[in-house]
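Coordinate analysis (summary)
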Amino acid sequence: MDKVNCYHCGDDCGNRPIVHDEKNFCCNGCKTVYDIFATNDLSYYYELQSSAGAAPNVIEGKYDFLNEMSIVEKLLEFNENKLQIVNLYIPHIHCSSCIWILENLSKLNPSITSSQVDFPKKTLRIVYNPELLNLKDLVLLLLRIGYEPYISLDDYDKGEKKVNRSLIYKLGIAGFAFGNVMFLSFPEYFEVDEFWLDQYKVVFRWLMFIFSLPVVFYAGQDYLISAYKGLRSKLLNIDVPIALGILVLFIRSTLEIIFDWGTGFFDSLTGLIFFLLLGKFFQQKTYSFLSFERDYKSYFPIAITRITKGEKEETVQVYDIEPNDRLLIRNEELIPVDGILISGKAQIDYSFVTGESEPVFKESGDKIYAGGKQLNGAIEMDALKSVSQSYLTQLWGNAVFNNDKSSKFRTLTDSIGKRFTWAVLTIAFVATAFWVYYDSSKAMNVFTAVLIIACPCAIALAAPFTLGNMLRIFGRKKFYLKDTQTIEQLAQINTAIFDKTGTITTTQKSKASYEGMQLSHAEESLLKNTLRASNHPLSRALYDMLAEQNIVTLDAYQEHLGEGVEGKKNDGHIKVGSADFVGNTATNDTQSTSVHISSNNTYKGRFVFHNHYRDGVSEVFGEMKKDLDLAILSGDNEGEKTRLETILPKLTPMYFNQKPNDKLNFIKSLQEQGKKVMMVGDGLNDAGALAQSDVGIAISENVNVFSPACDGILDASKFKQLYQYILSTKKAMRIIKLSFLLSLFYNIIGLYFAVTGQLAPVIAAILMPLSSISVVGFSTLATNILGRKLI
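This section reports on the structure supplied with the text. (Residues numbered from 1 in each chain as written. Predicted model: local features only at pLDDT ≥ 70, side-chain atom pairs only at ≥ 80, totals over all residues. Heavy atoms only, no water.)

Some points on the sheet that holds strand 28 (residues 712-715)
Strand order in this open sheet of seven strands is 16-28-27-26-17-24-25, and the pairing throughout is mixed. The strands lining the two open edges of the sheet, one partner per strand, are strand 16 (479-481) and strand 25 (654-655). Bridge count for strand 24 (residues 629-633) against strand 25 is two bridges, and the pairing is parallel. Within strand 25, the position partnered with Ile632 by the bridge is Met654. Sheet strands in contact with helix 26 (residues 660-672) are strand 17 (495-498), strand 24, strand 25 and strand 26 (677-681), and its direction is about 160 degrees off that of strand 26. Packed onto the sheet, helix 28 (residues 722-755) meets strand 16, strand 17, strand 26 and strand 28 and runs at close to 150 degrees relative to strand 26. (Pairing = 2+ DSSP bridges. Helix = DSSP H or I, 4+ residues; strand = E, 2+ residues; numbered from the N terminus. Contact = heavy atoms within 4.5 Å. Axes fitted to C-alpha atoms, helices over the stretch in contact; angles between N-to-C directions.)

Here's the deal with the packing of aromatic side chains
Summed over all chains, the structure comprises 20 aromatic pairs. When the centroid spacing of 5.3 Å and the interplanar angle of 55 degrees are considered together, the rings of Phe429 and Phe447 count as tilted. Residue Phe429 is located in helix 17 (residues 408-438), and its partner Phe447 is located in helix 18 (residues 440-453); the two are separated by 18 residues in the primary sequence. Assessed through its relative accessible area of 7%, Phe447 is described here as buried. Seen from their ring centres, Phe474 and Phe479 are 5.4 Å apart, and the 65 degrees between their planes marks the pair as edge-to-face. Of the two residues examined, Phe474 and Phe479, each falls in the buried class. Residue placement shows Lys170 over the ring face of Tyr218; its charged tip is 5.8 Å from the ring centre. We note Lys575 situated over the ring of Phe581; from NZ or CZ to the ring centre the distance is 5.1 Å. (Phe/Tyr/Trp six-rings, centres within 6.5 Å; stacked < 30°, edge-to-face > 60°. Buried < 20%, exposed > 50% of the residue type's maximum accessible area, 1.4 Å probe, protein only. Lys NZ or Arg CZ within 6 Å of the ring centre and 35° of its normal.)

Description of the pairing of strand 17
Regular strands have side chains that alternate between both faces of the sheet. Residues Thr495 and Ile497 of strand 17 are buried on one face, and the alternating residues Ala496 and Phe498, pointing to the opposite face, are buried as well. When strand 17 meets strand 24, the two strands line up parallel, connected through four bridges. For Phe498, the partnering residue across the bridge sits in strand 24 and is Ile632. Sheet topology places strand 17 next to strand 26; four bridges connect them, and they run parallel.

Comments concerning the side chain of Arg606
With respect to the helices and strands, the residue Arg606 is situated in strand 23 (residues 602-613). A polar contact of 3.3 Å, which involves the side chain of Arg606, links it to the side chain of Ser594. (Polar contact = N/O pair within 3.5 Å; in protein donor to acceptor, adjacent residues only side chain to side chain.)

Considering the pattern of salt bridges
Within the structure shown, the criterion is met by 16 salt bridges. Note that Glu313 is salt-bridged to Arg532, the shortest N-O span being 2.9 Å. Of the two residues, Glu313 sits in strand 8 (residues 313-317) while Arg532 sits in helix 21 (residues 521-532), which places them 219 residues apart along the sequence. Relative accessible area serves as the criterion here: at 6%, Arg532 is assigned to the buried category. (Salt bridge = Lys/Arg side-chain N within 4 Å of Asp/Glu carboxyl O.)

Digging into the environment of Leu630
Mapped onto the elements of the fold, Leu630 is located in strand 24. In the structure, Leu630 is positioned 21 residues away from Leu651 in sequence and 9.6 Å away in space, judged by C-alpha atoms. Excluding its chain neighbours within four sequence positions, the residues that come into contact with Leu630 are Ala496, Phe498, Phe621, Met624, Lys625, Thr652 and Pro653.

Some remarks on helix 21
An α-helix turns once per 3.6 residues; consequently, residues spaced three or four apart project the same way. Its 12 residues give helix 21 an end-to-end C-alpha distance of 16 Å, which sits within 8% of 16 Å, the value for a rise of 1.5 Å per residue. For helix 21, a buried count of nine out of 12 residues is recorded, marking the element as mostly surrounded by other parts of the structure. What helix 21 keeps buried is the set Glu523, Ser525, Leu526, Leu527, Lys528, Asn529, Thr530, Leu531 and Arg532. (Expected span 1.5 Å × (residues − 1).)

Section: the environment of Phe740
Summarising the element assignment, Phe740 is placed in helix 28. Through-space distance from the C-alpha of Phe740 to that of Val775 is 8.5 Å; in sequence the pair is 35 residues apart.

Side note on a positive patch on the surface
A contiguous patch of positive charge on the surface is contributed by Lys731, Arg734, Lys737 and Lys789. With respect to the helices and strands, the residue Lys789 is situated in the segment after helix 29 (761-788). (Patch = residues over 30% accessible without salt bridge, like charges linked within 9 Å, V, L, I, M, F, W, Y side chains within 5 Å. Areas by Shrake-Rupley, 256 points an atom, 1.4 Å probe, with all protein chains shown as cover. Lys, Arg positive; Asp, Glu negative; His and termini not counted. Charge placed at Lys NZ, Arg CZ, Asp CG, Glu CD.)

Details of unusual backbone geometry
You will see that Asn570, though not glycine, has its phi angle at about 55 degrees, which is positive. Looking at the element boundaries, Asn570 is found in the loop between strand 20 (564-569) and strand 21 (572-577). With relative accessibility at 64%, the residue Asn570 sits in the exposed group. Non-glycine residue Asn600 carries a positive phi angle of around 50 degrees. Looking at where Asn600 falls in the secondary structure, it is placed in the loop between strand 22 (593-599) and strand 23.

Observations concerning the pairing of strand 19 (residues 556-560)
Relative to strand 20, strand 19 is paired through five bridges, and the arrangement is antiparallel. When the bridges of strand 20 are listed, Ala556 appears paired with Lys568. Hairpin connection from strand 19 to strand 20: three residues lie between these consecutive antiparallel strands, with Gly562 at a positive phi of about 80 degrees.

A closer look at the nonpolar core
Note that soluble globular proteins tend to have their nonpolar side chains buried in a common cluster. Counting residues in each nonpolar core, the largest one holds 52 residues, and the members touching the most others are Val216, Ile246, Phe266, Leu269, Ile273 and Leu277. Counting residues per element, this core draws most heavily on helix 18, which supplies nine residues. Every residue in contact with Val216, bar those within four places of it in the chain, is listed here: Gln221, Leu224, Ile246, Phe250, Leu269 and Ile273. In this structure, Met470, Phe479, Phe498 and Val680 belong to the second largest nonpolar core, which totals 50 residues. (Core = buried A, V, L, I, M, F, W, Y, C linked by side-chain atoms within 4.5 Å.)

Section: the sheet that holds strand 11 (residues 346-349)
Ordered in space as 12-11-14, the three strands form an open sheet in which the pairing is antiparallel. Taken across any chain shown, the strands that pair with only one partner, and hence form the sheet edges, are strand 12 (360-362) and strand 14 (373-374). Alignment of strand 11 against strand 14, held across two bridges, turns out to be antiparallel. Directly across from Ile348, in strand 14, lies its bridge partner Gln374.

So, the packing of helix 18 against helix 28
Axis separation between helix 18 and helix 28 bottoms out at 8 Å; the angle between their running directions is 170 degrees. In terms of orientation, helix 18 lies roughly antiparallel with respect to helix 28. Every residue of helix 28 that contacts helix 18 at Val446, Ala449, Val450 and Ile453 is listed here: Tyr746, Asn747, Gly750, Leu751, Ala754 and Val755. Among the residues making up the contact of helix 18 with helix 28, the classes are represented as eight nonpolar, two polar and no charged. (Parallel < 35°, antiparallel > 145°, perpendicular 65-115°, else oblique. Nonpolar A, V, L, I, M, F, W, Y, C, P; charged D, E, K, R; others polar.)

A closer look at the side chain of Lys170
By secondary structure assignment, the location of Lys170 is in helix 8 (residues 166-190). Discounting chain neighbours no more than four positions away, the residues touching Lys170 are Tyr218, Ala219, Gln221, Asp222 and Leu277.

Comments concerning the packing of helix 20 (residues 484-492) against helix 28
Contact geometry for helix 20 and helix 28: axes closest at 8 Å, N-to-C directions at 105 degrees. One way to sum up the angle between helix 20 and helix 28 is to call them roughly perpendicular. Residues Ile487, Glu488, Leu490 and Ala491 of helix 20 form the contact with helix 28, whose own contacting residues are Ile726, Thr729, Lys730 and Met733. Of the residues contributing to the contact of helix 20 with helix 28, the split by class is five nonpolar, one polar and two charged.

With respect to a nonpolar patch on the surface
Taken together, the side chains of Leu738, Leu741, Leu742, Leu744, Phe745, Ile748, Ile749, Tyr752, Phe753 and Phe778 make up a nonpolar region of the molecular surface, amounting to roughly 950 Å² of accessible area. At nine residues, the largest contribution of residues to the nonpolar patch is made by helix 28.

Regarding helix 18
Its 14 residues give helix 18 an end-to-end C-alpha distance of 20 Å, which sits within 8% of 20 Å, the value for a rise of 1.5 Å per residue. Across the 14 residues that make up helix 18, a large majority, 10, are buried. The complete set of buried residues in helix 18 reads Ala443, Met444, Val446, Phe447, Thr448, Ala449, Val450, Leu451, Ile452 and Ile453.

Spelled out as structure tokens, the structure:
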């Protein structure tokens, strides 16, 4: 059967193309998109929607196992009464049409809230309502529209991944054919005058032709198909000149042996494809070796409180959590792992996972999921498994929280890529025309060599490899960034805003003294248990200072952002926070950091804190002052102003008594003046300011407060290195620019030798992938050296 290409995307339709409107399509996605957009007719879309309930053409009972909840639980990422999330592997995802149809599943079935495709992994993440659509029906819906998922519980349990060996097979066939063609070409090379060689010369040439067929149409098909798709979409991609070179060599060589003009260029042709594939193979190995997956090479610097068998509370990092560990989750803390609720009133915000902000209420014995945020006091839970940092990273990069911060290097790369192919084709045709006139024997080699040697791949790889490696290095240095664009944004900042409490001060060494009426035992117990649920730095510090009390579950707990917390147990009601919040309007002392307390609406007294500033605060601000505008935004009073003036550079602006909304508006006003603002805060009271800033950095100090709005998390022990990290991002930008220059230099030198006829196509094929590897090697080596300079 003749090969049939899809009318819409140009892909191979295989043995059974989908025929519609007298046209062939490779998948239902292409057929649907053609109907909707190409003909501007929605009739087929409604036909597809109405057929979503039809009986599928599937073996009876094939998916009955999805009726078993024990199996479904293994497949689900998230499961609540009215919401489930599943991530399915869809091997039939071909092109942008497939992405379009799969990301519009909600139009086929309103029970589906959203669907998101990860094209490189061929996975589909679906959020749906299980009360209206169960997992089996969802899978059957996908089957009906031509996207049957691959579900293997064995693979799921073992975590195995399918390995695509097609490149290995193509490389083997191309290498075998290249070797044989070279062997058959020896008599032509050395002009051996032997009777039997002359007698069978034609046979040898046709054998070379036969060997070249699988090389061109199997091993080299990716270049041809990619070029065809690009041209069909009216785009000139980098594979167009390569495919043109392959076809020109093949057609010219075939004509030469048909008309007995000569032996052709089959050796150059097979060698060209072999070395292109070999280069691609080594590129893949290089990229795999230099993997920038942060999930296992660095860590999420978030701490969690673990309750030991002796009922002691200890702070550990999330990656130390083991199954059956008992965890304490405070108010506003992230649930780091799936588990069972033991005690406490759980009111969980799963917007981090689902994008839905409506809280979910849970009782003891219920299952709770990683990524949720506790909203109502403290709870205790049993961990069901260890923490999946890849899952936390995936949630952080969820499309729900993506912003529109653009990348100038991505824009530059795209701009170069669009013009590059036109420039290469122009140079190739002009150079060929020149050699046809002066020395036609070199024209073919010049044309092919120019098409092969020029490659923008190195330019395209410079930015992602440099920034990706910096992301990995920062992670190892306990500076965890959301994505590579954050590095770019960080390199551009010219203003840095700092919170005070919990950011430039540390609660680890804080001391406090009590002034006021003595608290009863019941009041001390209620105070301790109320503070236990809070995550504010002063609450945590005070909690650690107070004497141990029996742990009880509060009847009610509420946290008022920027003001304080209150808790109730039986007839007791306690408020902890600012003087205004607890009802003490008579205080005149605004010159100290204090936490005020009232019990049953009676003012009791206050704890006066003596702030301890982080090591290196003066040095960090002194270094930053040279390049950046600095300011302090604090929700505290002016009690520390005199001391701060001795620590910070002279004339550093300081603003006190700032509510969370005041901080957000302050940053917005700076941005309206054209400032690029970095906000450094504790992640709780500063969540709005972190989100508003160009780069929001949360300081982590044994605290599990994580805001998806922040762009980075800095371990408190690395505060002194903050300015070094910022300088490193600026140097990373210089490395990218040097990589661009290196790639440009390679292309100029390569084109010079190709245009002057000094470069054979086979040598060009060897040098082309080497350029990409050299740029990748340079950027990786340079960033590694940069990383070693970081303390």
